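The chain contents come next:
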Amino acid sequence: GMGQPVKLSDALVMEARIAGEAMQRSIAGQVEFWASLGMTMERLMSGAELDRTRAKSTARSLSESIESINKPLGRARLAAYLDSRPYPRFAADLVEARVMIREDADGSRTRGRFSEGKFVPLAQTSAGDSR
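Definitions and limits used
- Residues numbered from 1 in each chain as written.
- Predicted model: local features only at pLDDT ≥ 70, side-chain atom pairs only at ≥ 80, totals over all residues.
- Heavy atoms only, no water.
- Helix = DSSP H or I, 4+ residues; strand = E, 2+ residues; numbered from the N terminus.
- Axes fitted to C-alpha atoms, helices over the stretch in contact; angles between N-to-C directions.
- Parallel < 35°, antiparallel > 145°, perpendicular 65-115°, else oblique.
- Contact = heavy atoms within 4.5 Å.
- Nonpolar A, V, L, I, M, F, W, Y, C, P; charged D, E, K, R; others polar.
- Pairing = 2+ DSSP bridges.
- Phe/Tyr/Trp six-rings, centres within 6.5 Å; stacked < 30°, edge-to-face > 60°.
- Buried < 20%, exposed > 50% of the residue type's maximum accessible area, 1.4 Å probe, protein only.

S.K.: What is the right way to look at the environment of G47 in this model?
M.R.: Examined against the element boundaries, G47 turns out to sit in helix α3 (residues 47–56). Residues G47 and L12 lie 35 residues apart in sequence; the distance between their C-alpha atoms is 23 Å.

Structural data, given as C-alpha cells:
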C-alpha cells in the first residue's frame with residue numbers, strides 16, 4: 001500500500017536520523033523499526049509491565065548523549081562506565097602509538113600490543129615495568 005504522511009516531533013526525527021545512520025536505515029526505516037519493537041513489546045508485556053518499564057527508563061536521548069561527549073559530564077559518564085567493566089581493562093598508551101596498557105584486578109599495569117586478537121606484553125626493561 002501507499003505510505004501515509006505522519007507528523008513527528010523534531011526531536012524524534014533527529015533521534016531517528018542519528019540512530020538510522022548508525023544502523024544504515026532511513027529516518028522512516030528507523031521509525032518503523034522502533035514502532036515494530038513497540039508493537040512486539042505490547043504483545044509480550046502487560047500494560048502494567050510496560051508502564052513500570054517506561055517509568056524505570058533513565059535513557060537520555062542519543063542527541064543529548066552525543067552533545068555531552070566531550071564535556072565534563074560526558075567524560076565522567078565514560079569513566080564511570082569503564083570503571084564498571086571487568087578486568088582486565090585496556091587503555092591506550094599516551095606515550096607510544098599502537099601500544100596498550102592492560103590493567104589487572106590487582107592494579108598491575110602491563111604495556112603491550114594486540115596481535116591476532118591476543119594481548120602480547122612488550123619485553124621487560126626493568127623490574128615490574130613492562131616496556
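S.K.: Quick question: what am I supposed to make of the packing of helix α1 (residues 10–23) against helix α2 (residues 27–44) here?
M.R.: Any two packed helices are characterised by how steeply their axes cross, that is the angle between the axes, and by the distance between the axes. Put simply, α1 and α2 touch, their axes get as near as 8 Å, and they point 100° apart. In terms of axis orientation, α1 runs roughly perpendicular to α2. Contacts from L12, V13, E15, A16, R17, A19, G20 and M23 of α1 reach α2 at I27, Q30, V31 and W34. Its residues assigned to classes, the contact of α1 with α2 shows eight nonpolar, two polar and two charged.

S.K.: Any chance you could explain the sheet that holds strand β1 (residues 89–92) here in plain terms?
M.R.: Think of a sheet as strands paired side by side through backbone hydrogen bonds, with each pair either parallel or antiparallel. An order of β1-β2-β3-β4 is seen for the four strands of this open sheet, with the pairing classed as antiparallel. Because the sheet does not close on itself, it has two edges, and the strands there are β1 and β4 (118–121). Along the sheet, successive strands turn relative to each other by an average axial angle of 45°, direction set aside. Here β1 pairs with strand β2 (residues 100–103) via four bridges, running antiparallel. Within β2, the residue paired with A92 across the bridge is M100.

S.K.: Even after reading the chapter, I still don't get the packing of aromatic side chains, so can you show me in this structure?
M.R.: Any two aromatic rings considered together are summarised by their centre-to-centre distance and by the angle between their planes. Summed over all chains, the structure comprises three aromatic pairs. Judged by centre distance (5.4 Å) and plane angle (55°), the ring pair of F90 and F119 falls under tilted. Note that F90 is positioned in strand β1 and F119 in strand β4, a separation of 29 residues in sequence. On the basis of relative accessible area, F119 is assigned to the buried category, the value being 15%.

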